[in-house]
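Inside the fold
Each chain is listed here by its residues.
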Amino acid sequence: LKCVAEVTLEEGDLLYIPRGYVHQARSSSECHSLHVTISTGQKNTWGDLLLKAIPRAIETACRDDQPECLMLRQSLPREYHKFMGVMHSDKDDERRLEFTNHVLKIVQNLVL
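Attention here is on the structure that accompanies the text.

1. Here's the deal with the overall build of the protein chain
Looking only at helices and strands, the protein chain features two helices and zero strands. Taken over the C-alpha trace, the protein chain has a radius of gyration of 25 Å; the compact-globule value for 112 residues is 13 Å, which it surpasses by more than 25%. Overall size of the protein chain, expressed as C-alpha extent along the three principal axes, is 70 × 35 × 20 Å. Partitioning the contacts of the protein chain with sequence separation of at least 6, the portion at a separation of at least 24 is 23%. For the protein chain, the computed accessible surface area is about 10,900 Å², with 55% contributed by carbon and sulfur atoms. Positive and negative charge centroids in the protein chain, built from 14 and 16 side chains respectively, lie 7 Å apart.

2. Quick word on the pattern of salt bridges
Tallying each qualifying case throughout the model produces three salt bridges. In this structure, Glu79 and Lys82 form a salt bridge, with 3.4 Å as the shortest nitrogen-oxygen distance. Judged by its relative accessible area of 36%, Glu79 falls in the partly exposed class. Since its relative accessible area comes to 45%, Lys82 is described here as partly exposed.

3. Focus: a nonpolar patch on the surface
A cluster of nonpolar residues, Val4, Val7, Leu9, Leu15, Ile17 and Tyr21, forms a patch on the protein surface that exposes about 590 Å² of accessible area. Position of Leu9 relative to the elements: it lies in the segment before helix H1 (46-63). Note on Leu9: relative accessible area 44%, which makes it partly exposed.

Rules of the game
- Residues numbered from 1 in each chain as written.
- Predicted model: local features only at pLDDT ≥ 70, side-chain atom pairs only at ≥ 80, totals over all residues.
- Heavy atoms only, no water.
- Helix = DSSP H or I, 4+ residues; strand = E, 2+ residues; numbered from the N terminus.
- Rg over C-alpha atoms; globule rule 2.2 N^0.38 Å.
- Contact = heavy atoms within 4.5 Å.
- Areas by Shrake-Rupley, 256 points an atom, 1.4 Å probe, with all protein chains shown as cover.
- Lys, Arg positive; Asp, Glu negative; His and termini not counted.
- Charge placed at Lys NZ, Arg CZ, Asp CG, Glu CD.
- Salt bridge = Lys/Arg side-chain N within 4 Å of Asp/Glu carboxyl O.
- Buried < 20%, exposed > 50% of the residue type's maximum accessible area, 1.4 Å probe, protein only.
- Patch = residues over 30% accessible without salt bridge, like charges linked within 9 Å, V, L, I, M, F, W, Y side chains within 5 Å.

Shown next as structure tokens:
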């Protein structure tokens with residue numbers, strides 16, 4: 001990492017460092033210091049948005065009687081556990097591709 005700035009703060013000084021910048025604070029041997037980080041960006045990421053939006057979209061769609069939402073209420077394939085999941089990821093199984101394509105179709109219907 002390239003050092004962008006090295007500064008010495010005096011008593012009462014405040015330094016703003018934008019989110020995502022790696023930083024290190026240290027005090028001189030002659031005094032004590034308190035390093036406080038305050039973040040206003042907590043729970044404000046794309047991941048946080050999708051964690052809230054997708055479950056709500058699914059809940060709404062499951063209650064809806066529209067034809068495109070009926071596929072959400074269909075049962076999973078009876079033996080999907082025999083070809084899906086990490087333990088089967090190295091196997092070339094047509095059912096795996098069909099299952100994945102079906103999931104993608106459902107997600108596209110939710111989003112679009």
